Every structure is written in structure tokens, then in C-alpha cells.
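Residues per chain, in single letters:
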Amino acid sequence: MENIPTSLQPRTSDNKLTIGVLALDIVWADKETNMNRVREYIGRYGCEIDLLVLPELFTTAFAQDIDVLPNIAENDNGPTINELRRLSKEYDMAIGGSYLAMTGKQFYNRGFILLPDGGDAFYNKRHLFGLSAESRLFTAGTELPAVVSFKGWRLALIVCYDLRFPVWCRRSDGNCQYDLLMVAANWPLSRSYAWEHLLIARAIENQAVVVGADRSGRDDFGEYDGMTRVYDCTGHEVDMVACDNMLTISKVSYDHLADMRRRWPMANDADRFCIL
């Protein structure tokens with residue numbers, strides 16, 4: 001990948017989507033610094049991007065101190081989401097990711113998709129990582145990821161560890177009801193082989209574009225650099241252009257997606273199942 005000026009990155013036509021993935025080097029529990037960096041990147045590149053995908057817990061990273069959590073968690077009308085709503089509207093782009101949420105006395109790793117017309121969808125991470133304190137401190141979600149429509153695409157989002165569970169990533173009626181699946185993650189470099197192959201598998205089996213949005217930098221749990229991935233519905237990696245270090249931009253074609261589904265209508269033969 002090479003750096004090119006944003007003037008060479010026009011927005012795509014109606015049948016394509018320009019995706020920006022910001023592999024933020026998250027400063028632990030410092031919401032102001034992290035949001036300022038997101039705001040800076042959007043200010044530079046927002047007019048060139050249709051969809052911006054942020055990593056898991058992008059304003060806080062993972063916190064396991066029960067005394068810290070109440071001070072940094074927010075609700076869906078807090079400063080984090082409200083600022084992203086403003087930016088989404090100002091730059092006419094959708095934004096997806098996850099943040100540290102609190103409802104009542106319960107904490108959630110909450111995914112979100114925000115649309116410039118004010119539409120939104122929220123999703124509480126279902127699969128909490130049992131080898132960490134996440135499964136003890138956070139509450140698992142119970143609802144399937146929502147699907148929202150944007151520029152002719154159906155978008156869905158899961159969070160990190162959810163990626164390992166293929167049934168959860170399929171729609172319950174066996175059909176490909178989303179066209180693009182975002183995966184907001186803090187997935188360490190030590191498990192990069194699994195990350196890449198699971199993303200590819202989800203793309204192939206769901207005949208969908210899959211966007212792996214991992215953080216960068218390092219924390220107490222590992223290193224994260226260089227793991228942004230975008231795969232088309234055949235499992236092939238989509239070319240990306242690097243801009244300003246942490247941001248990558250790629251373009252995906254709905255025509256290609258629709259053509260592959262017509263030629264290989266595997267969803268028609270999928271198993272029907274019910275998730276309990």
C-alpha cells in the first residue's frame with residue numbers, strides 16, 4: 001500500500017462503497033484524546049468516505065477495574081455517540097464500531113451503526129471472552145446484530161470474539177440478509193492467523209463483504225498493528241490504500257456482490273435453524 005493524497009480518493013458511484021477503517025492506537029480510558037484523534041481523521045478524510053469503521057471500545061480500550069468502569073461508561077445519548085452522530089451527518093457517512101456502555105448498573109461492549117439521516121442500530125456483544133475479565137464484568141447481549149440499509153447496502157456489525165461463532169454470524173432464516181459485515185475488534189497479533197482465516201470464512205459462507213477493523217498499538221494484552229482486513233464475498237482481499245498511517249481506504253462493488261450471488265445462489269440451499 002502506498003500513501004496518496006485524498007484529492008485522488010473521490011467517493012464511489014452508487015453501486016460502490018468507499019470504506020475507511022481507522023486502526024486507532026487507543027489510549028487507555030482517555031476518551032477525550034481518542035475522540036479527538038477520530039475527529040481529526042474524519043476532518044481530513046470524511047468527505048472521501050462512505051463508511052468509517054472504528055475498532056472495538058475505541059474511546060477507552062478494555063478496562064477491567066470495576067472502580068474505573070462507571071467513570072468512563074456512557075449511554076446511547078452520551079458524548080461519544082452524540083459526537084459521532086454529528087460527524088456522521090456533517091460528512092454524510094455511516095460510522096460503525098463499539099464503545100463502553102452502561103445501562104442501569106450493567107456494563108456492555110456495545111456495537112453501533114450510525115447513519116447520516118439520524119438512523120442507528122445498537123448491538124451488545126454476545127460472546128464475551130471467557131479467558132479475560134470481560135465475561136465477569138460485562139453483560140452479554142441477547143439480540144442478533146441488527147441490519148441497517150445505507151446507500152443500497154445492508155450493513156451489520158459484530159464485535160471481536162463474536163467472529164469465532166459462525167452460527168451467530170448467519171441470519172436465523174439461512175438467508176444472506178446483510179451485504180457487508182463489520183467486525184470491530186481488539187484482536188492481538190499473536191492470533192493473526194485465526195483472525196484472517198475466520199474473516200475469510202465469514203465472507204465466503206455468507207457471500208458478503210467482511211471488514212475487519214482492529215486497533216493498532218499495544219496494551220497489557222498484546223500487540224495489534226497491521227491487522228486491518230477487507231475481504232469480498234469470495235474471500236479475496238480487497239486492495240487498500242494507506243493514508244496517514246492508521247487509516248486505510250478501500251472500495252467494494254455491489255455489482256460484483258450481486259453477480260456472485262446470482263451465479264452461485266448458495267443461500268437457497270442453506271440450513272434453516274433457530275438460535276436459542
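Just so it is clear, the model here is predicted, and its values are computed rather than measured.

Trainee: So what exactly am I meant to see when it comes to the overall build of the protein here?
Mentor: Tallying secondary structure elements over the protein gives six helices and 14 strands in all. Relative to its length of 276 residues, the protein is compact, with a C-alpha radius of gyration of 17 Å against a globular reference of 19 Å. Taking the principal axes of its C-alpha atoms as reference, the protein extends roughly 55 × 50 × 35 Å. Counting only carbon and sulfur atoms, one obtains 50% of the accessible surface of the protein, whose full area is about 12100 Å². Of the side-chain charges in the protein, 29 are positive and 38 negative, and the distance between the mean point of each set is 3 Å.

Trainee: Teacher, can you tell me more about the pattern of salt bridges here?
Mentor: Oppositely charged side chains can pair when the atoms bearing their charge come close. Applying the stated criterion across every chain yields a total of 20 salt bridges. The partner of Arg154 in a salt bridge is Asp179, with the nearest N and O atoms 3.1 Å apart. Here the residue Arg154 occupies a position in strand 7 (residues 153-159), and Asp179 occupies one in the loop between strand 7 and strand 8 (180-185), the gap between them amounting to 25 residues. According to the relative accessible area criterion, Arg154 is partly exposed, its value standing at 30%. The salt bridge involving Arg263 is made with Asp259; its shortest N-O contact spans 3.4 Å. Of the two residues, Arg263 and Asp259 are both situated in helix 6 (residues 254-263); the distance of four residues between them amounts to about one turn of the helix. With relative accessibility at 53%, the residue Arg263 sits in the exposed group. On the basis of relative accessible area, Asp259 is assigned to the partly exposed category, the value being 27%. Residues joined in a network through salt bridges with shared partners are Arg39, Glu83, Arg86 and Glu90.

Trainee: Got a minute to help me understand the sheet that holds strand 9 (residues 209-214) in this structure?
Mentor: The strands making up a sheet are joined through hydrogen bonds of the backbone, oriented either antiparallel or parallel. Here five strands make up an open sheet; going across it, the order is 6-7-8-9-12 and the pairing mixed. Single-partner strands in this sheet number two, and they are strand 6 (148-150) and strand 12 (229-231). Pairs of neighbouring strands in the sheet enclose a mean axial angle of 25°, with direction left out of account. In terms of strand pairing, strand 6 meets strand 7 through three bridges, oriented antiparallel. Note that in strand 7 the partner of Ser149 across the bridge is Arg154.

Trainee: For this particular structure, what's the right way to read helix 5 (residues 192-206)?
Mentor: In an α-helix, one turn spans 3.6 residues; hence positions three or four apart end up facing the same way. Helix length check: helix 5, at 15 residues, gives a terminal C-alpha distance of 21 Å against a target of 21 Å (1.5 Å per residue), a fit within 8%. One or two steps after helix 5, the chain reaches Gln207, where phi turns positive at roughly 45°.

Trainee: Looking at this model, I keep getting lost on the nonpolar core. Mind explaining?
Mentor: Counting 47 residues, the largest nonpolar core has Leu17, Ile19, Leu51, Leu155 and Leu180 as its most contacted members. Ranked by residue count, the leading element in this core is strand 7, at six residues. Counting residues in hydrophobic clusters, the runner-up holds 28 residues, among them Leu24, Val38, Leu87 and Ala101.

Trainee: For this particular structure, what's the right way to read helix 3 (residues 79-91)?
Mentor: Taking 1.5 Å per residue, 13 residues should reach 18 Å; helix 3 reaches 18 Å between its end C-alpha atoms and fits that length. The complete set of buried residues in helix 3 reads Thr80, Ile81, Glu83, Leu84, Leu87, Ser88 and Tyr91. Buried residues of helix 3, seen end-on, are gathered within an arc of 160° and therefore sit on one face of the element. Residues of helix 3 that are exposed and angled more than 90 degrees away from the buried face: Pro79 and Lys89. Summarising the contacts, the buried residues of helix 3 are in contact with helix 1 (31-45), strand 3 (94-103), strand 4 (106-114) and strand 5 (120-124). Downstream of helix 3 by one or two residues, Asp92 has phi in the positive range, about 55°.

Trainee: Explain the pairing of strand 5 to me, please; I cannot follow it from the model alone.
Mentor: Taking every second residue as pointing to the same face, the buried face of strand 5 carries Ala121 and Tyr123, while none of Asp120, Phe122 and Asn124 on the other face is buried. Taking the residues between adjacent antiparallel strands as the criterion, strand 4 and strand 5 are bridged by five residues, where Gly118 takes a positive phi near 100°.

Each value, and the rule that gives it
Numbers given to residues run from 1 along each chain, matching the order in which its sequence is written. Selection of residues for local features in this predicted model requires a pLDDT of at least 70, selection of side-chain atom pairs for listing and counting requires 80 or more, and totals for whole chains, interfaces and linings are taken over all residues. Note that water and hydrogens are dropped before the side-chain values are worked out from all heavy atoms of the structure. Think of it this way: any DSSP run of H or I at least four residues long counts as a helix, any run of E at least two long counts as a strand, and we number them from the N terminus. We compute the radius of gyration over the C-alpha atoms and compare it with the globule rule, which gives 2.2 Å times the number of residues raised to the power 0.38. Here, Shrake-Rupley sampling with a 1.4 Å probe gives the accessible areas, and only protein chains in the shown set may cover a residue. Counting rule for charge: Lys and Arg are taken as positive, Asp and Glu as negative, and neither His nor the chain ends is counted. Charged side chains are reduced to one point each, which is NZ for Lys, CZ for Arg, CG for Asp and CD for Glu. Salt bridge criterion: a side-chain nitrogen from Lys or Arg within 4 Å of a carboxyl oxygen from Asp or Glu. Each residue is placed in one exposure class: buried if its accessible area under a 1.4 Å probe, protein chains only, is under 20% of its type's maximum, exposed if it is over 50%, and partly exposed if it falls in between. Strand pairing requires that DSSP identify at least two bridges connecting the strands. Note on definitions: angles span 0 to 180 degrees between N-to-C directions of axes, and those axes are lines fitted to C-alpha atoms, for helices only across the stretch in contact. Here a helix's expected span is defined as the number of its residues, less one, multiplied by 1.5 Å. The criterion is simple. A nonpolar core is a set of buried Ala, Val, Leu, Ile, Met, Phe, Trp, Tyr and Cys residues joined through side-chain atoms within 4.5 Å. Comment: arc refers to directions from the helix axis out to C-beta atoms. Working rule for contacts: check all heavy atoms of both residues, and any pair within 4.5 Å makes them a contact.

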